[in-house]
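Here are the chains, one letter per residue:
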Amino acid sequence: MEKTTITKEIEILREKLIRMGSIVEKMLHQTIDSIRRRDLKLAQEVIEKDKLVDNYNWGIENQCISILSNHQPVSKDLRIITSTMKIVKDLERIGDYSVDIAKYVSSLLEYSFELPIFDIISLASFVEQMTRETIRAYSKPDLNKLERLSIYYNLVNQKYQETSDELLGEIYKNPILTQQIIQLIMISRYLERIADHVTNIIELIFYIETGERKELHG
């Protein structure tokens, strides 16, 4: 049987969201890599992708509005469309935070100094894995996996607190580097915020699949 028009449009919508998610995932990876490798070029590449993510956001949102207007969807179709409008906002924010981090990295690379970034890289690895697996879960939902992924938020939050405390301690040891250390603290804060938005997406995927609103933030 030929698929209905709304089914086709929703498939296209989901494909666009997955492409947007892949771009955002790559931005986050490049941002983290720019910290690890102290690579200014990578950081600049992330900043240049900001407009692309914004375009996806507007395009997907307009497509959602069009489907709602033309088809008056119900049940799971309605959940997919309304949740997708929220997911794109979370993805846009993840992209924005990746850009913000890349800008801090670009600023930090203007100086020649050694700062403790091991904890930030560890925190970033948690966040990147959480983001990557959540975007995969959108295309192939697994409720058990989604709940396991939500546990990452608590781990990220704990790691963020530890990293912030460690960096604040570095200010007392190296007050001359206060400005740079504050930038690292902001990077860790943005990573924690990314995890928060990823958790929002996990909750929305759960809602799409079950019709239940489940609070997964710890």
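To keep things clear, this report deals only with the structure shown in the data block.

Calculation rules
- Residues numbered from 1 in each chain as written.
- Predicted model: local features only at pLDDT ≥ 70, side-chain atom pairs only at ≥ 80, totals over all residues.
- Heavy atoms only, no water.
- Helix = DSSP H or I, 4+ residues; strand = E, 2+ residues; numbered from the N terminus.
- Expected span 1.5 Å × (residues − 1).
- Polar contact = N/O pair within 3.5 Å; in protein donor to acceptor, adjacent residues only side chain to side chain.
- Core = buried A, V, L, I, M, F, W, Y, C linked by side-chain atoms within 4.5 Å.
- Buried < 20%, exposed > 50% of the residue type's maximum accessible area, 1.4 Å probe, protein only.
- Contact = heavy atoms within 4.5 Å.
- Salt bridge = Lys/Arg side-chain N within 4 Å of Asp/Glu carboxyl O.
- 1 Å grid on protein atoms, 1.4 Å probe; cavity = no way out; pocket = protein on both sides within 12 Å on 5 of 7 lines; lining within 4 Å.
- Points joined across faces, edges and corners; volume = space filled by probe spheres on them.
- Nonpolar A, V, L, I, M, F, W, Y, C, P; charged D, E, K, R; others polar.

**Digging into helix α6 (residues 143-173)**
Helical geometry note: an α-helix holds 3.6 residues per turn, so side chains three or four residues apart project in the same direction. The terminal C-alpha atoms of α6, which comprises 31 residues, lie 46 Å apart, in line with the 45 Å expected from a rise of 1.5 Å per residue. Near the N-terminus of α6, the side chain that reaches the backbone nitrogen of Asn144, with its oxygen 3.1 Å away, is that of Asp142.

**Some remarks on the nonpolar core**
The biggest cluster of nonpolar side chains holds 62 residues, and the ones touching the most others in it are Ile187 and Leu191. Elements that contribute at least two residues to this core include exactly α1 (5-37), α2 (40-48), α3 (50-71), α4 (75-108), α5 (118-139), α6 and α7 (178-210). Ignoring sequence-local partners within four residues, the contact set of Ile187 consists of Ile35, Ile101, Tyr104, Val105, Leu108 and Ile120.

**A short note on the pattern of salt bridges**
By the definition in use, this model includes 11 salt bridges. Asp33 is the salt-bridge partner of Arg36, the closest N and O atoms lying 2.8 Å from each other. A residue pair is termed a helical-turn pair when its members lie 3 or 4 positions apart in one helix, as Arg36 and Asp33 do in helix α1 at 3 residues. On the basis of relative accessibility, which here comes to 13%, the residue Asp33 falls in the buried class. Two residues, Glu192 and Arg189, come together in a salt bridge whose shortest N-O distance is 2.6 Å. Highlighted residues: Glu192 and Arg189, both in helix α7, separated by 3 residues, approximately one helical turn. Through salt bridges with shared partners, one network takes in Asp33, Arg36, Arg37 and Asp39.

**Observations regarding the side chain of Glu25**
By the element assignment, Glu25 lies in helix α1. You can call Glu25 buried: its relative accessible area is 13%. A distance of 2.8 Å separates the side chain of Glu25 from the side chain of Arg136, its partner in a polar contact. Residue contacts for Glu25: discarding those within four places in its chain leaves Arg132, Ile135 and Arg136.

**Looking at empty space enclosed by the protein**
Under the counting rule described, the total for this entry stands at 1 cavity of 30 Å³ or more. Looking at the largest cavity, its volume works out to about 70 Å³. As for the largest cavity, its lining consists of Leu17, Ile18, Gly21, Ile87, Leu91, Thr134, Ile135, Tyr138, Ile201 and Ile205. Put simply, the parts of the chain that give the lining of the largest cavity at least two residues each are α1, α4, α5 and α7. Here the lining of the largest cavity is composed, by residue class, of 8 nonpolar, 2 polar and no charged.

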